[in-house]
There are 2 protein chains.
Amino acid sequence: MKRLIKLSSYFLLVSLLISISGCVDDTSTPSDDIDIKQQNAFQNDILYQVSTIDALLDGLYGGQMSIAELKGHGDTGLGTFDRLDGEMIVVDREVYQMKADGVAYPVEDSATTPFAAVTYFEVDELIVLDDRANSSEVTGLIEEILPSENIMYAIRINGTFEQMKVRSVPAQEEPYPLLVDVIKEEQAVFELENVEGNIVGFWLPYYVEGINVPGYHFHFIDGSREKGGHVLDYVVLNGTVSVDHTTEFELSIPESPEFMDADLSRDNSNDLHIVEKDEG
Amino acid sequence: MKRLIKLSSYFLLVSLLISISGCVDDTSTPSDDIDIKQQNAFQNDILYQVSTIDALLDGLYGGQMSIAELKGHGDTGLGTFDRLDGEMIVVDREVYQMKADGVAYPVEDSATTPFAAVTYFEVDELIVLDDRANSSEVTGLIEEILPSENIMYAIRINGTFEQMKVRSVPAQEEPYPLLVDVIKEEQAVFELENVEGNIVGFWLPYYVEGINVPGYHFHFIDGSREKGGHVLDYVVLNGTVSVDHTTEFELSIPESPEFMDADLSRDNSNDLHIVEKDEG
């Protein structure tokens, strides 16, 4: 079913696998004009987040941070765009917008996001998947190697997927509806078959409730960077799961009137379940 | 009852008041060997936190970070010490340990904390208190000027207090009891009268539940830095309330076996109320 390899004991082998699979890019300084925040982030396992999941659930879809600024905080992650216009995936330092037509588009630095989370991905643990497995089986394997439910993990799954069911959402107009209503009424679901590509996301502890999504949250893009979305379900034929242990969390709280004036006191936990797990 | 002064419109007057009261120190770079993290913190309104309130409520009292490292992230804040040995206040860049004897002690850089939150304090709003007011009246005044319930605030109250009721807790031995049981059975309460000094603390939004204390959380130290503790209640005769709007939050998640192995899934909200508000 699997081979489970820990970096601590098999560093050379894992390095070789990583080199072959190309799943981790060189993380040397990309430019000379790197700012202090970027240097800081490179030196630490920081998960950096814009706004809160409760704000997004409540319909705060206006962009709060530019993609240029977001990219200064990580090379790997997920989120959405101004007006809830599609699903965001950040992979290999590139940001893609997977719209409700199922197509992945490159993103201008001037675009904005109302909610996103990114990190500089470094592999701490690697699982090789050499047998067909469904999404529950894969998450079961991941849980076997997570050392604690109390820290954060960025996760990347590179593989060939027999099935990949993703969804996206269309841009909204003000007054913005609740996210749960957008999902129920407007989400577009796509079922891809025999597709190679990358899942990117996080496993986060229970105490992020209200701020981000406790448990798993994954987005997918295919290898040709042409299609993808928020992952609803999949079957993988073979691939690798990389896990990055993350023990610093930074939350950027928007200062916009939209965010400052919102009533965020509603309990959104039921909405969150529908939005993240169900098909609307 | 009060004069309410906003920095935006009365900057010079407020600057004068601050100079007179001495409530805000020069925040220029204190040394040449300042590291990147410190520079970053100086440039931003970052609330920096070690571990989570739920971990503390569950009895994780072992020190997770040195005071030297904590001081690199802020000049103002609160927390506790290794083995829950007293209440921490960080004021004017100094850290004091207010033990269960009611006495404030200076703290070595090598001491450690299991839970603390600090920021570099900058005054965004100032309230002048020129009439006697109880704690509810003061928090009522503060709430009149907070622009939103969705961002974070560091708060400092400099004044002369007709009454100041504080508590502290004694160092614990392993296996550590729950914090709620320490408070119920072992907290020491002190009632100071006609004392000049500084309250330092935070107002935090609901979404930090599980991570920190939603609402107010204050510690006090007297002007001679000889006594203080966790604030239970007070009556102020005159003084100033300074509020620092804070829109970045950084959580440092411990990587110790104690933290990694803890079962943090218990709902601690009732415990939190007893620990923060009641007298045990």
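On a predicted model such as this, the values are computed, not experimentally measured, just so you know.

Caption draft 1: Inspection of the confidence of the model for chain A at higher detail. Residues and elements named next belong to chain A. Looking at chain A as a whole, its pLDDT mean stands at 87, while 83% of the residues score no less than 70. Here residues 5–43 scores under 50 on pLDDT; set against residues more than four positions off or in separate chains, the count is 54 contacts. With a pTM of 0.87, the predicted complex shows an ipTM of 0.86.

Caption draft 2: Geometry of the relation of the copies chain A and chain B. Superposing chain A onto chain B requires a rotation of 180° together with a translation of 0.0 Å along the rotation axis, leaving an RMSD of 0.0 Å. Expressed as an axis order, the relation between the two copies is that of a two-fold axis. Minimal C-alpha separation from the rotation axis in chain A is found for Glu250 of chain A, amounting to 2.1 Å. The residues that chain A uses at the interface reappear at the interface of chain B in 100% of cases, marking a shared surface.

Caption draft 3: Here's a closer look at the pairing of strand S4 (residues 76–80) of chain B. Residue and element names in this part refer to chain B. When you tally the buried positions in S4, you get five out of five residues, the bulk of the element. Relative to strand S5 (residues 87–91), S4 runs antiparallel, the two being bridged by four bridges. Across the sheet, the residue bridging to Gly77 is Val90, located in S5. Connecting the antiparallel pair S4 and S5 is a turn made up of six residues, with Arg83 showing a positive phi of about 70°.

Caption draft 4: View of the packing of helix H6 (residues 179–186) of chain B against helix H8 (residues 269–277) of chain B. All names here are of chain B. Where H6 contacts H8, the two axes come as close as 9 Å, and the packing angle between them is 35°. Where H6 crosses over H8, the two elements pack in a sense that is left-handed. Two secondary-structure elements touch here, H6 through Leu179, Val180, Ile183 and Lys184 and H8 through Asp271, Ile274 and Val275.

Definitions and limits used
Residues numbered from 1 in each chain as written. Chains lettered and ligands numbered in written order. Predicted model: local features only at pLDDT ≥ 70, side-chain atom pairs only at ≥ 80, totals over all residues. Heavy atoms only, no water. pLDDT = per-residue confidence, 0-100. Contact = heavy atoms within 4.5 Å. Least-squares fit on C-alpha atoms with pLDDT ≥ 70 in both. Buried < 20%, exposed > 50% of the residue type's maximum accessible area, 1.4 Å probe, protein only. Helix = DSSP H or I, 4+ residues; strand = E, 2+ residues; numbered from the N terminus. Pairing = 2+ DSSP bridges. Axes fitted to C-alpha atoms, helices over the stretch in contact; angles between N-to-C directions. Left-handed = near helix turned anticlockwise from the far one by under 90°.

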